[in-house]
Amino acid sequence: MGPHPSVAAIRLAVRRVLHDILTDHTSTIGRSTGHLRTAAGRGPAERPPSPLVLVACSGGADSMALASALAFEAPKLGIRAGGVTIDHGLQPGSGLRADEVVVKLRGLGLDPVESIAVSVGREGGPEAAARDARYAALDAAAERHGATAVLLGHTRDDQAETVLLGLARGSGIRSLSGMAAVSGAGGRYRRPFLSLDRQTARKACMAQSLSVWDDPHNADPAYTRSRLRHEGLPALEKALGKGVVEALARTARLSRDDADALDTWASQAEASVRDATGLLECAKLYALPPAVRRRILRRAAIEAGAPAGSLFARHIEEVDRLITGWRGQGVINLPGRVVAQRQGGRLVIRQG
């Protein structure tokens with residue numbers, strides 16, 4: 001008799017991602033060494049070291065299911081598997097809970113395993129600040145251990161919530177594309193569960209008798225995502241019927257394809273709209289489709305020092321009016337003390 005269907009589903013999802021990681025790792029090793037050779041009189045060539053894959057685990061159902069699947073699948077592919085849990089220090093007893101997660105991960109056979117305490121700032125609100133601190137710690141852990149990839153337990157439900165949050169902000173198609181299955185520097189972060197719902201992960205934990213921790217912040221109405229999860233999405237399903245989550249996740253996939261294509265177009269077009277000194281030419285920008293032009297403007301603002309996380313659609317729209325609605329406007333102030341202004345048919349974006 002095979003494993004419970006939910007356990008089989010999470011293992012299959014992780015197995016597919018591990019195959020991708022192994023393929024990418026082998027290609028990277030091959031490019032860096034040229035090709036393996038057997039030195040005369042030295043015997044077989046030495047095999048490259050096995051890649052290390054870490055799982056980011058909070059102790060919740062999603063990440064515990066992911067950790068268990070990684071522990072099961074990795075050894076069969078010759079991949080080393082470890083785990084990291086982040087102590088945000090936002091709740092009483094968070095350090096003890098992090099220690100408990102470490103024990104659970106080691107019990108699954110993961111190695112190395114560590115708990116990392118972080119200091120959460122205030123910039124961008126509590127959720128964004130905690131996320132920034134968490135990813136910074138995971139990046140550092142991956143570098144420290146030489147990990148090829150870090151697995152994250154985001155599910156299809158998380159993806160649907162992310163799409164709705166992006167829609168509410170009016171942030172454009174890139175925001176509607178939600179979370180990528182592969183992201184981070186060099187494709188470090190992998191999300192195997194984006195096609196699986198949250199309930200599948202919870203059932204997998206129950207089937208394997210894995211104890212999980214339910215973060216009270218996930219039910220706290222003070223947090224936007226919590227309100228969306230417990231009030232917004234249920235209301236949408238009541239009004240529109242079942243299948244809203246799947247439809248939103250599908251929207252994310254389609255939007256990401258479109259956004260990637262537009263990003264590529266903008267990257268290719270950028271050189272053609274700059275003059276010999278590197279300044280953007282307004283007439284040539286005007287001839288481009290708005291979606292392509294605004295991507296070029298956003299990239300130019302970020303290169304000038306505007307923080308990407310603080311640069312919103314309304315900022316880019318104001319800069320775009322210097323091209324499409326020129327009436328002698330003055331300087332446009334952008335985040336990061338960056339300014340944009342039109343001078344002699346050229347668009348100048350620089351530090352103010």
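Preceding block: the structure.
Here we summarise the structure given alongside this text. Remember, predicted model here, so these are calculated numbers, not experimental data. (Residues numbered from 1 in each chain as written. Predicted model: local features only at pLDDT ≥ 70, side-chain atom pairs only at ≥ 80, totals over all residues. Heavy atoms only, no water.)

A word on the packing of helix H11 (residues 290-303) against helix H12 (residues 313-324)
Thinking step 1. As a packed pair, H11 and H12 sit with axes 10 Å apart at the nearest point and diverge in direction by 115°. Pair H11 / H12 crosses with right-handed handedness. In this structure, H11 uses Arg293, Arg294, Leu297 and Arg298 to contact H12, whose residues at the interface are Ile316, Val319, Asp320, Ile323 and Thr324.
Thinking step 2. Each residue belonging to the contact of H11 with H12 can be placed in one class, and the counts come to four nonpolar, one polar and four charged. (Axes fitted to C-alpha atoms, helices over the stretch in contact; angles between N-to-C directions. Helix = DSSP H or I, 4+ residues; strand = E, 2+ residues; numbered from the N terminus. Left-handed = near helix turned anticlockwise from the far one by under 90°. Contact = heavy atoms within 4.5 Å. Nonpolar A, V, L, I, M, F, W, Y, C, P; charged D, E, K, R; others polar.)

With respect to the pairing of strand E3 (residues 113-117)
Thinking step 1. Bridging between strand E2 (residues 80-87) and E3 involves five bridges; their strand directions are parallel. Pairing of Gly83 across the sheet is with Val113, part of E3.
Thinking step 2. At this point the chain moves from E2, through helix H3 (residues 94-107), to the parallel E3, and the crossover so formed is right-handed. (Pairing = 2+ DSSP bridges. Right-handed = clockwise from strand over helix to strand, strands pointing away.)

Focus on the packing of helix H5 (residues 156-169) against helix H8 (residues 224-240)
Thinking step 1. Running from N to C, H5 and H8 point in directions that differ by 95°, and their axes come no closer than 10 Å. Looking at the two axes, H5 sits roughly perpendicular to H8. Here Asp158, Glu161, Thr162, Leu164 and Leu165 of H5 lie close against H8, whose contacting residues are Thr224, Arg225, Leu228, Arg229, Leu233 and Leu236.
Thinking step 2. Residues of the contact of H5 with H8, tallied by class, amount to five nonpolar, two polar and four charged. (Parallel < 35°, antiparallel > 145°, perpendicular 65-115°, else oblique.)

Observations concerning the pattern of salt bridges
Thinking step 1. According to the stated counting rule, one finds 26 salt bridges in the structure shown.
Thinking step 2. Residues Arg144 and Glu114 are paired through a salt bridge, measuring 2.7 Å at the closest nitrogen-oxygen approach. With Arg144 in helix H4 (residues 126-145) and Glu114 in strand E3, the pair connects residues that are 30 residues apart, well separated along the chain.
Thinking step 3. Measuring nitrogen to oxygen at the nearest pair gives 2.6 Å for the salt bridge that ties Asp320 to Arg293. With a gap of 27 residues between them, Asp320 in helix H12 and Arg293 in helix H11 connect regions that are remote in the sequence.
Thinking step 4. According to the relative accessible area criterion, Asp320 is buried, its value standing at 2%.
Thinking step 5. Among the residues examined, Arg293 registers a relative accessible area of 4% and is labelled buried.
Thinking step 6. Taken together, the shared-partner salt bridges in this structure form one network comprising Asp158, Glu161, Arg198, Arg225 and Arg229. (Salt bridge = Lys/Arg side-chain N within 4 Å of Asp/Glu carboxyl O. Buried < 20%, exposed > 50% of the residue type's maximum accessible area, 1.4 Å probe, protein only.)

Some thoughts on the environment of Val84
Thinking step 1. Here Val84 shows up in strand E2.
Thinking step 2. Note on Val84: relative accessible area 2%, which makes it buried.
Thinking step 3. Taking the C-alpha atoms as reference points, Val84 and Ser209, separated by 125 residues in sequence, lie 21 Å from one another.
Thinking step 4. Setting aside anything within four residues of it in sequence, one finds Val84 in contact with Leu54, Val55, Ala56, Cys57, Leu105, Glu114, Ile116, Leu138 and Ala141.

Digging into the sheet that holds strand E1 (residues 52-56)
Thinking step 1. Pairing is mixed across the open sheet formed by six strands, whose spatial order is E3-E2-E1-E4-E6-E5. Of all the strands in the sheet, the pair left with one neighbour each is E3 and strand E5 (182-183).
Thinking step 2. Of the pairings in the sheet, the one linking E1 to strand E4 (residues 149-151) comprises three bridges and is parallel in character. Its bridge partner lying in E4, Val55 is registered against Leu151.
Thinking step 3. Its contacts with the sheet put helix H2 (residues 61-73) on E1, E2 and E4, and the angle it makes with E1 is roughly 160°.
Thinking step 4. Here H4 sits on the sheet in contact with E1, E2, E3, E4 and strand E6 (189-190), set at roughly 140° to E3.

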